Every structure is written in C-alpha cells, then in structure tokens.
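If you want the building blocks of each chain, they are given just below.
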Amino acid sequence: MIELEGTADLVDPIVIAAFEGWNDAADAASSAIDHLMKVWSARVIGEIDPDVYYDFQVNRPYVGNDERGMRRITWPTTRIAIASPPELDRDVILIRGLEPNMQWRRFCAELLAVVDTLGGSLVVTLGALLADTPHTRPIPVSGTSTEPELVDRLKLEISTYEGPTGIVGVFQNACEEADLAAASFWAAVPHYVAQPPCPKATLALINRLEELVEVSIPLGDLPDDARAWERGVNELAEEDEDVAEYVRALEETRDTADLPEASGEAIAREFERYLKRRQEDS
C-alpha cells in the first residue's frame with residue numbers, strides 16, 4: 001500500500017490524473033498535471049512502489065546529481081500530490097506517473113484506496129491521442145463522464161468506445177465499478193507533429209478543466225508557449241509543400257465540420273472565459 005505523508009483533512013477533494021505512455025500523445029496530458037502542480041504549489045505526499053509495476057528495461061531509472069552534488073537515482077513511478085488552490089473552495093489531489101508495465105488491476109486498486117483515504121469525490125483523468133487535426137485550429141478536446149450532472153453541464157458524452165485501451169481507460173472503469181464519479185478529457189494532437197511537447201494541447205486540456213472546476217486556472221507561460229509552438233510548426237510546414245498542402249486539406253475539412261458550431265456554443269464559451277479572466281485581472 002502507498003504510504004502517505006503529512007496529509008490533513010481535505011475539503012471535498014477532486015482528483016486529476018494523467019499517465020505518460022500510450023495515453024499521452026506528445027506528453028500533453030502529463031504536462032497538464034506538471035502545470036497544475038507548479039501553479040497550485042502542490043506537495044507530493046506519496047508514491048507507488050515502482051518494483052511492483054514497472055519493467056526497468058522499458059522505463060529505465062535516471063541517474064544524476066541532486067542539489068548537493070550527490071549522485072542519485074530517480075526511479076520511474078507514479079506520485080500523489082495535494083494542493084489547496086486559493087481560487088477553489090475545494091482541495092485537489094494530483095496523480096502523475098507512468099502507465100504501468102504489469103499488474104494494472106492491482107495498480108488501480110492502490111490508487112483507488114488512496115482516493116478513498118483522502119476523501120476524493122470526483123476523479124478526472126486526462127489523455128491525449130494523435131488525430132487528423134490541423135495545428136492551426138483550436139485543439140479538439142473530447143469529454144466523457146459517468147456523472148449525469150457533468151454530462152449536462154459540460155456537454156460531455158457517455159463513452160461508447162470499443163477497442164484497445166490504456167491505463168486511463170482501465171482506471172476510469174475501476175472508478176465506475178467503485179461507484180466513484182468520474183470524467184475524462186482527451187486532447188487531439190496533430191499526428192504530423194507528434195513529438196513532445198505540445199503546449200497548445202496542454203493548454204486546451206487546462207481550459208476544459210477550468211470549465212469543470214468553474215474557476216480560472218493560472219496559465220503562466222502556456223499561452224506564449226502554445227503560440228510559439230504553432231509558429232514553429234508553421235515554419236516547418238512552409239518548408240515542405242506536401243505537408244503544407246496536407247495541412248490546408250485538414251483545415252478545410254475542420255472548418256466545414258465546425259461551421260454550424262462556429263456561431264453558437266463554442267464562441268459563447270470562449271467569450272465567457274475571456275470575460276471571467278478580465279474580471280479577475282481587474
């Protein structure tokens with residue numbers, strides 16, 4: 001079992017989790033957790049025993065020097081952190097790690113035991129997948145949930161996916177079987193720029209989380225990083241006419257598909273977010 005250190009009574013905590021690996025195209029989802037840990041000053045309170053779940057020939061440990069210059073090995077694992085964002089009237093449990101190589105059901109059971117111990121009332125998993133979407137348009141984020149209130153409020157869907165799944169899907173299913181409210185957000189990363197990082201996809205996930213928690217999340221350098229990433233991909237595309245033509249075709253397809261929504265809920269949602277940020281800044 002995971003040993004937790006320095007935990008106090010948390011206020012109606014929401015759990016947000018992401019795992020590197022198959023569920024995390026361009027590291028977009030795990031980078032969203034990294035961002036939240038930074039802007040919310042999260043504190044790590046425990047970690048999974050890596051010997052039980054990870055193959056170290058697949059996920060190798062890292063050797064380096066610590067702040068005192070001592071040689072230190074960092075083992076691949078999954079860590080649990082807690083935060084008390086001043087903007088929120090509830091606490092947050094952040095889970096950030098690697099998709100395990102073995103014993104997935106035991107892994108999920110350990111995490112659910114932690115969630116239960118800390119009083120988590122809602123689990124939100126983040127993922128990212130490669131898709132036929134242009135980098136020049138807003139990154140699509142799909143959302144599913146088992147909770148009717150969230151489905152209605154955030155216009156989510158009940159998942160109908162059938163096929164291979166990763167640890168995010170297995171953990172989501174474990175939450176459902178434990179009668180724990182759960183939701184999942186997935187960012188669609190342009191497949192022709194799959195290498196990490198993809199700050200534009202990370203930003204899209206953070207924006208969806210804002211809608212869920214109904215407060216603004218500090219964005220830091222993310223918007224600037226997203227714009228710089230897009231400019232960089234633009235330059236690469238311009239150097240290859242085949243890629244540029246492919247991007248134009250994706251843009252045309254995307255614009256046609258989005259046309260009915262462009263004057264409706266999407267713009268209203270974006271304008272609402274803009275007004276909220278202006279209000280908070282003033």
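The preceding data block contains the structure.
Residues numbered from 1 in each chain as written. Predicted model: local features only at pLDDT ≥ 70, side-chain atom pairs only at ≥ 80, totals over all residues. Heavy atoms only, no water.

**Here's the deal with the overall build of the chain**
Phase 1: For the chain, the helix and strand inventory stands at 9 helices and 9 strands.
Phase 2: A globule of 282 residues ought to have a C-alpha radius of gyration of about 19 Å, and the chain, at 19 Å, matches this closely.
Phase 3: For the chain, with 282 residues in total, the buried portion stands at 45%.
Phase 4: By sequence separation, contacts in the chain at least 24 residues apart represent 80% of the contacts at least 6 residues apart.
Phase 5: Accessible surface for the chain amounts to roughly 15,300 Å². Of this, 50% is attributable to carbon and sulfur atoms.
Phase 6: Treating the 25 positive side-chain charges of the chain as one cloud and the 53 negative ones as another, the clouds have centres 4 Å apart. (Helix = DSSP H or I, 4+ residues; strand = E, 2+ residues; numbered from the N terminus. Rg over C-alpha atoms; globule rule 2.2 N^0.38 Å. Buried < 20%, exposed > 50% of the residue type's maximum accessible area, 1.4 Å probe, protein only. Contact = heavy atoms within 4.5 Å. Areas by Shrake-Rupley, 256 points an atom, 1.4 Å probe, with all protein chains shown as cover. Lys, Arg positive; Asp, Glu negative; His and termini not counted. Charge placed at Lys NZ, Arg CZ, Asp CG, Glu CD.)

**A short note on the sheet that holds strand E7 (residues 122-131)**
Phase 1: Read from one edge to the other, the open sheet built from 7 strands follows the order E2-E5-E6-E1-E7-E9-E8, with strand pairing classed as mixed. Of all strands in the sheet, those bounded by a partner on one side alone are strand E2 (43-47) and strand E8 (141-145). Taking each pair of neighbouring strands and ignoring which way they run, the sheet shows an average axis angle of 25 degrees.
Phase 2: Seen against the sheet, helix H3 (residues 104-118) touches strand E1 (14-20), E2, strand E5 (79-83), strand E6 (92-98) and E7 and runs at an angle of roughly 20 degrees to E5. (Pairing = 2+ DSSP bridges. Axes fitted to C-alpha atoms, helices over the stretch in contact; angles between N-to-C directions.)

**A few points about the environment of Val 247**
Phase 1: Within the secondary structure layout, Val 247 lies in helix H8 (residues 241-262).
Phase 2: The class of Val 247 is buried, set by a relative accessible area of 5%.
Phase 3: Remark: the alpha-carbon pair of Val 247 and Met 37, spanning 210 residues in sequence, is separated by 34 Å.
Phase 4: If we ignore the near neighbours within four places in the chain, the residues touching Val 247 are Pro 134, His 135 and Tyr 192.

**Topic: the nonpolar core**
Phase 1: Of all hydrophobic cores here, the largest spans 48 residues; its most connected members are Ile 16, Leu 126, Phe 185, Leu 209 and Leu 212.
Phase 2: Here this core takes 8 residues from helix H6 (residues 199-213), the largest share from any one element.
Phase 3: In this structure Leu 209 touches Ile 16, Leu 36, Val 124, Leu 126, Phe 185 and Ile 217, once residues within four positions along its chain are discounted.
Phase 4: Counting 30 residues, the second-largest nonpolar core is a separate cluster that includes Tyr 54, Phe 107, Cys 108 and Leu 118. (Core = buried A, V, L, I, M, F, W, Y, C linked by side-chain atoms within 4.5 Å.)

**A short note on the packing of aromatic side chains**
Phase 1: The final tally for this structure, using the stated rule, is 5 aromatic pairs.
Phase 2: When the centroid spacing of 5.9 Å and the interplanar angle of 65 degrees are considered together, the rings of Phe 19 and Phe 107 count as edge-to-face. Taken together, the residues Phe 19 in strand E1 and Phe 107 in helix H3 connect sequence positions 88 residues apart.
Phase 3: With relative accessibility at 0%, the residue Phe 19 sits in the buried group.
Phase 4: A relative accessible area of 0% means that Phe 107 is categorised as buried.
Phase 5: Ring centres of Phe 19 and Phe 171 lie 6.4 Å apart, and the angle between their planes is 85 degrees; on these two criteria the pair is classed as edge-to-face. Here the residue Phe 19 occupies a position in strand E1, and Phe 171 occupies one in helix H5 (residues 167-177), the gap between them amounting to 152 residues.
Phase 6: Relative accessible area serves as the criterion here: at 0%, Phe 171 is assigned to the buried category.
Phase 7: Aromatic rings pair up to connect Phe 19, Tyr 53, Phe 107 and Phe 171 into one cluster. (Phe/Tyr/Trp six-rings, centres within 6.5 Å; stacked < 30°, edge-to-face > 60°.)

**Some words on H6**
Phase 1: Counted at 1.5 Å a residue, the expected span for H6 with its 15 residues is 21 Å, and the 21 Å between its end C-alpha atoms agrees.
Phase 2: Burial analysis of H6 places 15 of its 15 residues in the buried class, which makes it a mostly covered element. (Expected span 1.5 Å × (residues − 1).)

**Re the environment of Gly 143**
Phase 1: By the element assignment, Gly 143 lies in strand E8.
Phase 2: What makes Gly 143 buried here is its relative accessible area of 9%.
Phase 3: Here the alpha-carbon distance between Gly 143 and Ala 183, two residues 40 residues apart in the chain, equals 7.2 Å.

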